[in-house]
Amino acid sequence: MKDADNPLILQVALASRLRQTFDYLAPAQGGPAAQPGMRALVPLGRRRVVGFVMGLAADSALPAARLKRAVELLDPDPLWDEATFGLLAWAAQYYHHPPGEVLSAAVPAAIREGAPASAEITMWQLSAAGIEGLADRPRLGQRQRELVERLRAGPAAAPELTTLGLGDALRGLARRGWLESFGAAAPPPQAGSGSRAAPVPTDAQRQACGAIAESLGGYAAWLLHGVTGSGKTEVYLSLIERVLAAGRSALVMVPEIALTPQLVSRFRDRLAVPVVTLHSSMTDTERLAAWRAARAGTAPVVIGTRSAVFTPLADPGILIVDEEHDPSYKQQEGFRYSARDLAVVRAQRHGIPVVLGSATPSLESLANVAAGRYRRLELPERTGRAGKPRIGVIDLRHHAARDGLAQPVLAAIERHLAARGQVLVYLNRRGYAPTLYCTGCGWIAPCPSCDARLTVHMRNARLVCHHCGTDEPMPFGCPKCGSEVRPVGQGTERVEQALLEVFPGVELVRVDRDVIRRRGDIERALEKVASGKARILLGTQMLTKGHDYPDVTLVAILNADQGLFGADFRASERLAQQIVQVSGRAGRGERPGEVLIQSAFPENPLLVSLVTEGYDGFARRALEERQAAGWPPYSRLALLRADGPDRGEVFDFLRAARDLAADIAQGVRVLGPAAAAMERRAARYRAQLLLESASRGPLQRLLEAWLPRIEATKPSRRIRWSVDVDPIEVD
Ligand code: ADP
Ligand code: ZN
Ligand code: ZN
């Protein structure tokens, strides 16, 4: 209640780098009572900006005279329900990110700018003056007569009239005062057909659904472990049907690239309710419409990528995270959150189940199962499948490779092609070659701005840096000595050329970021594979997501060592997931699959356990290694990253920061400063402090006390610094 003696203070988060809220007096009079989660229009300097009310207070630390008054509240009620708003506030704290930026990241651009949270459309009808005027039988144009006829049947929505070509007539009659407009709730998005019946569930699906369905109505975290094609999506669909039947809504999260039109139509074909999507390639208008429909509950099913975890939902009943291991759930810049982890926290706050699905669960989730925090359900291999594929390792020390393809791999490709199979060749490196080398003096083409080599792209004869985008013409000779230069190593472009030479007349489809640029490109490319026209499919990790290749009988993985010896402690987990994902998408039924992995280190224990025991065996061993080394999930990490144009300045900043932690780092090891694996990138030097703790508490307490201290030192503006809690890359 507002009261002259006890003015209500709004604690407002503004989109700013400051880790604090700003106090404003509640708006003068009228309007809704303030509540956390509403937007407020507030003065800031000479501007007026949109902020989010985080909290309310009776008084402020600021003297009353310095408090400014908010102009108005923009929402009649909070944008989010309590649980979701609580999640956002919690996330700002947990990730130590400014609340204003967190809330801004959670809404569509138009909402940040002050657009109404509820969708309204403008309706037109005849005004009293219009009815009177028409009684005199005035002369009207053809379009005007059509418009009047339409409006005599009842009010019409503005977009409908525009579509009918009546826009000009509308403006003309409105100017005369014969029409009047009013706002009305927007109609719900179009419902799915729900025309496709569910298949009879397998026993495993029935069990999984039964177990999860029993947990509806309370918090529970489920890990649904099943290979691609084992029927996980069917389990999601049948759970969503139950949730909808109870009048509640559902959120399905998928990795960016997996959100294909096919996936969405599968949901719409099964569910006779509006299904909306939220992803990065939608326009602002589309996002706004989907967000409003989700919030209003007119679309009770939302399928979205990372940031969809913040979507307001009307009475959610279940959250689903498909491919939960996918690194794209972690935002890698700005507000660095894990959408997978936040989905679990959100489910807890709503008191509903969360289902994490994957063929290759993250080691974190497997550790959570072991600790009893998640419950695991398994779907066995797809039915009708002729057993697991045979996996073999080709020892590159004993077999010379030609353009990256060892002889036994070439022989296997030939064999499978002759048997009318399709072949998938996986190489997680695009371009022609990763290095351009001088045969005379040993010069290697460097990126001028990074500690990296330029990648040769032969098609347009360019040298490109895959880290900063530097792009220059390829030199004809060595710039140092003039001798011949030669591309060394392989990328997909070179392997494509080699395969076309060895297998002339065999159609090949390449899938990587150089050839797949727009939405729909990948579908078009893969259509050639699906139709059987293309026989060889070659590509990067783009191949591991969202698509199946049922007629592929051979999978060749050309460079496993890149993952086994990556600088990051998660490199081997990623590699194993990619191998299993890419292999799991190949083959079906009658044709047994074969997987060949090229490696110069075939006795690497992780590779051996993956080959002999599959993903579970790999995961067990990898978890043992993590435990022995004290890495997550057996410890908690955070990074303080910094970069700047001057190396000494970056290190000085980090050393000073480390010293500021000295007396408050109980239970936390502060390591570094250490240069990043690629120290110079885009002409900036990069380094970091690594914070490591056995559990969350001490790490959180340190960050809480430490970051304000760092801020207070007012570091040079040339230094950019940021905190990453639970980083997924530490190199
Ligand atoms: P996943 O999500 O694990 O990749 P899907 O749910 O997409 O698996 O199932 C793979 C394929 O098998 C789909 O074409 C799906 O329609 C079909 N399918 C799933 N469950 C069944 C079932 N119980 N009976 C028949 N077909 C099924
Ligand atoms: Zn040279
Ligand atoms: Zn570069």
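Residues numbered from 1 in each chain as written. Chains lettered and ligands numbered in written order. Predicted model: local features only at pLDDT ≥ 70, side-chain atom pairs only at ≥ 80, totals over all residues. Heavy atoms only, no water.

Details of the overall build of the chain
Thought 1: Across its full length, the chain holds 21 helices and 33 strands.
Thought 2: For a compact globule of 731 residues, the expected C-alpha radius of gyration is about 27 Å, and the chain comes in at 30 Å, within 12% of that figure.
Thought 3: Reported as C-alpha extents along the three principal axes, the dimensions of the chain are approximately 95 × 65 × 60 Å.
Thought 4: Relative to its 731 residues, the chain shows a buried fraction of 53%.
Thought 5: Total accessible area computed for the chain in this model is approximately 32,900 Å², and 50% of it derives from carbon and sulfur atoms.
Thought 6: Of the side chains in the chain, 91 bear a positive and 79 a negative charge, and the two mean positions are spaced by 2 Å. (Helix = DSSP H or I, 4+ residues; strand = E, 2+ residues; numbered from the N terminus. Rg over C-alpha atoms; globule rule 2.2 N^0.38 Å. Buried < 20%, exposed > 50% of the residue type's maximum accessible area, 1.4 Å probe, protein only. Areas by Shrake-Rupley, 256 points an atom, 1.4 Å probe, with all protein chains shown as cover. Lys, Arg positive; Asp, Glu negative; His and termini not counted. Charge placed at Lys NZ, Arg CZ, Asp CG, Glu CD.)

Some points on the domain arrangement of the chain
Thought 1: Entries for the chain in the domain assignment read domain 1 (9-112), domain 2 (120-185), domain 3 (203-379), domain 4 (390-433 + 489-626) and domain 5 (636-725).
Thought 2: Relative to domain 5, the C-alpha centre of domain 3 lies at a distance of 34 Å. (Domains from an automatic or database assignment.)

Things to note about the coordination of the zinc ion (ligand 3)
Thought 1: Around the zinc ion (ligand 3), the protein contributes the donor atoms Cys447 (SG), Cys450 (SG), Cys465 (SG) and Cys468 (SG), which lie 2.2 to 2.4 Å from the metal centre.
Thought 2: Taken together, the four donor atoms coordinating the zinc ion (ligand 3) and their angles of 104 to 115 degrees define a geometry best described as tetrahedral.
Thought 3: Counting gaps between the donor residues of the zinc ion (ligand 3) yields the pattern C-x2-C-x14-C-x2-C. Here Cys468 lies in the loop between β23 (462-464) and β24 (471-473) and Cys447 lies in the loop between β21 (435-438) and β22 (455-457), a separation of 21 residues in the sequence. (Donors = N, O, S within 2.8 Å, 3.2 Å for Na, K, Ca; no water. Tetrahedral: all angles 85-135°; square planar, octahedral: opposite > 155°, others 65-115°.)

A look at the site of ligand 1
Thought 1: If you check the shell around ligand 1, you find 14 residues, and the closest are Val200, Gln205, Gly229, Thr233 and Arg266.
Thought 2: In the model, an oxygen atom of ligand 1 is placed 3.4 Å from a nitrogen or oxygen of the Ser230 main chain.
Thought 3: For ligand 1, an oxygen atom lies 3.1 Å from a polar atom in the backbone of Glu234.
Thought 4: Against a free-state accessible area of 550 Å², the protein chains account for coverage of 64% of ligand 1.
Thought 5: For the shell around ligand 1, the class distribution of residues is four nonpolar, seven polar and three charged. (Near = heavy atom within 4 Å. Polar contact = N/O pair within 3.5 Å; in protein donor to acceptor, adjacent residues only side chain to side chain. Nonpolar A, V, L, I, M, F, W, Y, C, P; charged D, E, K, R; others polar.)

Notes on the sheet that holds strand β4 (residues 47-57)
Thought 1: Read from one edge to the other, the open sheet built from six strands follows the order β5-β2-β1-β4-β3-β6, with strand pairing classed as mixed. Of all the strands in the sheet, just β5 (68-69) and β6 (72-73) have a single pairing partner and so form its edges.
Thought 2: Here strand β1 (residues 9-13) runs beside strand β2 (residues 22-25); their pairing, made up of four bridges, is antiparallel. Each bridged residue has a counterpart across the sheet, and for Val12 the counterpart in β2 is Phe22. (Pairing = 2+ DSSP bridges.)

Section: the pairing of strand β7 (residues 120-126)
Thought 1: As judged from the seven bridges shared by β7 and strand β9 (residues 179-185), these two strands associate in the antiparallel manner. Paired with Thr122 across the strands is Gly183, a residue of β9.
Thought 2: Sheet topology places β7 next to strand β8 (residues 156-157); two bridges connect them, and they run antiparallel. Bridging across to β8, Met123 finds its partner in Ala157.

Points about helix α18 (residues 571-584)
Thought 1: Spanning 14 residues, α18 covers 20 Å between terminal C-alpha atoms, matching the ideal 20 Å at 1.5 Å per step.
Thought 2: Within α18, 13 of the 14 residues are buried, leaving the element largely enclosed by the surrounding structure. (Expected span 1.5 Å × (residues − 1).)

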